Amino acid sequence: MRFFYTALQAGRLQFIEKKIKRRCDLRIDHIGYLVKNIDRAAADFVSLGYAPRGEAQYDEARHADIAFLDNGAYVVELVAPRGESSVAWKLLKRNGVGPYHICYEASDMDEADRTLREQGYVRMLDKQPAPALGGRAVAFYTGRNMGMIELVEAGGE
Ligand code: NI
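About the cut-offs
Residues numbered from 1 in each chain as written. Predicted model: local features only at pLDDT ≥ 70, side-chain atom pairs only at ≥ 80, totals over all residues. Helix = DSSP H or I, 4+ residues; strand = E, 2+ residues; numbered from the N terminus. Contact = placed C-beta atoms within 7 Å. Buried ≥ 20, exposed ≤ 12 C-beta atoms within 10 Å, placed from the backbone. Pairing = 2+ DSSP bridges. pLDDT = per-residue confidence, 0-100. Core = buried A, V, L, I, M, F, W, Y, C linked by C-beta atoms within 7 Å.

To continue, consider the overall build of the protein. Assigned secondary structure in the protein consists of four helices and nine strands. Listed N to C, the secondary structure of the protein is α-β-α-β-β-β-β-α-β-α-β-β-β in terms of helices and strands. C-alpha extents for the protein along the principal axes are approximately 50 × 35 × 35 Å. In the protein, the share of contacts with a sequence separation of at least 24, taken over all contacts with a separation of at least 6, comes to 54%.

Next up, the structure:
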C-alpha cells in the first residue's frame, strides 16, 4: 500500500512538473471571507484569537465593508457586500458565507500577471488600488483548478 501510494505520488509529481511553464514565487498575504455582517463576523474571529487591524472600512469601488484581522500567523479579510451592485453580492448569494479567495503578495505585479495568464488564469478584475490595504494595488483572477485568487503588490507591513 505504501509503495503504491509512493508510486502514485511520483506519477503525480511528474504530471505537475510537465504542466509547469513558469513558476511564481508568491507568499500568502490573506484569506478573504465573504460575510453578511462585518461586526458579527469580526467578533467570531476575535473569539478564535484574531485581533482587528484597525477599523472596518467602506470600499466604494466594491460597495462592501472590509475588515482585516490578524492572529500572528494568518490574516483574514472580511468582505460584507452592502447591496446588489457589489461584485461580492452574487458570490455571497451563490456560495453563502465562508472563505472565497486567497490573496498572494507579488513583488512584481506585472510579471505575476503575465505568469498567471500564461498558465490559463483569467483576470476578473484589473489592477486597482485597494483602500483597505493602504492603497496597494490588487487584481483578481480565477483558475480552472483553484477558483479565485487575488494578487496584491508587496510593500505592506
Ligand atoms: Ni482580498
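Of all seven residues in strand S9 (residues 147-153), five are buried; the element is thus mostly enclosed. The pairing of strand S6 (residues 98-106) with S9 spans five bridges and is classified as parallel. Along S9, the bridge assignment pairs Glu105 with Val152. Note: strand S8 (residues 137-143) against S9, six bridges, orientation antiparallel. Directly across from Gly143, in S9, lies its bridge partner Gly147.

Residue-level pLDDT values for the protein average 90, and 97% of them are 70 or greater. Helix H1 (residues 2-19) is the least confidently modelled element of the protein, averaging 78 in pLDDT, while strand S2 (residues 51-52) averages 98, the highest of any element.

Looking at the secondary structure, you find Ser86 in the loop between strand S5 (75-81) and helix H3 (87-95). Linking Ser86 and Arg62, residues 24 residues apart in sequence, is a C-alpha distance of 5.4 Å. Here Ser86 is in contact with Arg62, His63, Ala64 and Pro81, once residues within four sequence places are set aside.

Take the pairing of strand S7 (residues 122-129) next. Of all eight residues that make up S7, zero are buried, and the element is exposed over most of its length. Taken together, the five bridges between S7 and S8 define a ladder with antiparallel strand orientation. Opposite Arg123, over in S8, you have Tyr141 as the bridge partner.

Before going further, it helps to examine the nonpolar core. Formed by 28 residues in total, the largest nonpolar core has its most connected members in Val35, Ile66, Leu78, Val79, Val138, Tyr141 and Leu151. Breaking this core down by element, the ones donating at least two residues are helix H2 (38-47), strand S4 (64-70), S5, S6, helix H4 (109-118), S8 and S9. Apart from residues no more than four positions distant in its own chain, Tyr141 is found in contact with Leu116, Tyr121, Val122, Arg123, Met124 and Ile149.

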